[in-house]
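Observations on the three-dimensional arrangement
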Amino acid sequence: MRIAVIEDEPRLADNIAAALREGSGYAVDVARDGAEGLYLAQTNSYDAVVLDLMLPKLSGREVLRKMRAGGAKTPVLILTARDEKELIVGLLNDGADDYLTKPFDLRELRARLQSLIRRSQGHAVAKLAIGDLEMDTARAIVRRGGVTLTLVPMEYRLLEYLMHRPGKVISKTKLLEHLYDFHWEKFSNVIEVYIAGLRKKIDAGSSVKLIHTVRGHGYCVREEEPE
Ligand code: CA
């Protein structure tokens, strides 16, 4: 998952980014003002946006309105100061999905974001399953046939993205866009490397293969062979 954090307080922005990268395994891009944030939101495909209200250049509310006017359906979580609370009703009407009042607990921010992303992809609970492959996204645990698997963080992120879209073929470009922020070098073979790792851990001991490569199109997780 890839998240945009639009927040002008440098320390808070850095703490949020670190918590999401290390705690949730998300790729994170940070914008320090509203104009930069809107630009990021319009030029990248994010799984969620964390948006502060009081921002230089363009307010959070303007960023939200312009995003929604442009048709973006990305979940948006608003960060608000205590005295901005009366604005919340208006913001929810403008298309915000959730909000947190500062100061907040970073674990709560992570849980709320996870829930927003999950719901935006049509899942109401934190557990995903395809066949006997199960992922508990709240506890970052993956099991196949009841056996817990040890995945490296990128394998987990890749599998999480695919399992949120069961049976759908996802292109390598799309995976790179959602799993890396713009500070990473986008070497195109990294996805193959992590897919190979997942295949080894998930499919090697089983007659039913779940990780599929559709040549020229991308990858998917499903029980049957894709056509
Ligand atoms: Ca601010």
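Located above this text is the structure these notes cover.
These lines cover the structure that appears in this document, whether it is placed above or below. (Residues numbered from 1 in each chain as written. Predicted model: local features only at pLDDT ≥ 70, side-chain atom pairs only at ≥ 80, totals over all residues. Heavy atoms only, no water.)

1. Remarks on unusual backbone geometry
Under the convention used in this document: In DSSP terms, a helix is any run of H or I states spanning at least four residues, a strand is any run of E spanning at least two, and both are numbered starting from the N terminus. Think of it in three bands: residues with accessible area under 20% of the maximum for their type are buried, residues over 50% are exposed, and the middle band is partly exposed, with areas taken using a 1.4 Å probe on protein chains only.
Cis geometry is found at the peptide bond from K102 to P103, where omega equals -5 degrees. Summarising the element assignment, P103 is placed in the loop between β5 (98–101) and α5 (106–120). The phi torsion at K57 lies on the positive side, around 75 degrees, for a residue other than glycine. With respect to the helices and strands, K57 occurs in the loop between β3 (48–52) and α3 (60–69). In this structure, A140 takes a positive phi of about 55 degrees despite not being glycine. The topology assignment puts A140 in the loop between β7 (133–136) and β8 (141–144). We classify A140 as partly exposed; its relative accessible area is 48%.

2. Re the coordination of the calcium ion
We count it as follows: Metal sites are built from N, O and S donor atoms within 2.8 Å, or 3.2 Å for Na, K and Ca, and they leave out water, so they may look incomplete.
Surrounding the calcium ion are the protein donor atoms D8 (OD), D52 (OD) and M54 (O), which sit 2.1 to 2.3 Å from the metal. The class for D52 is buried, based on a relative accessible area of 3%.

In short, shape yes, function no, at least from these values alone.
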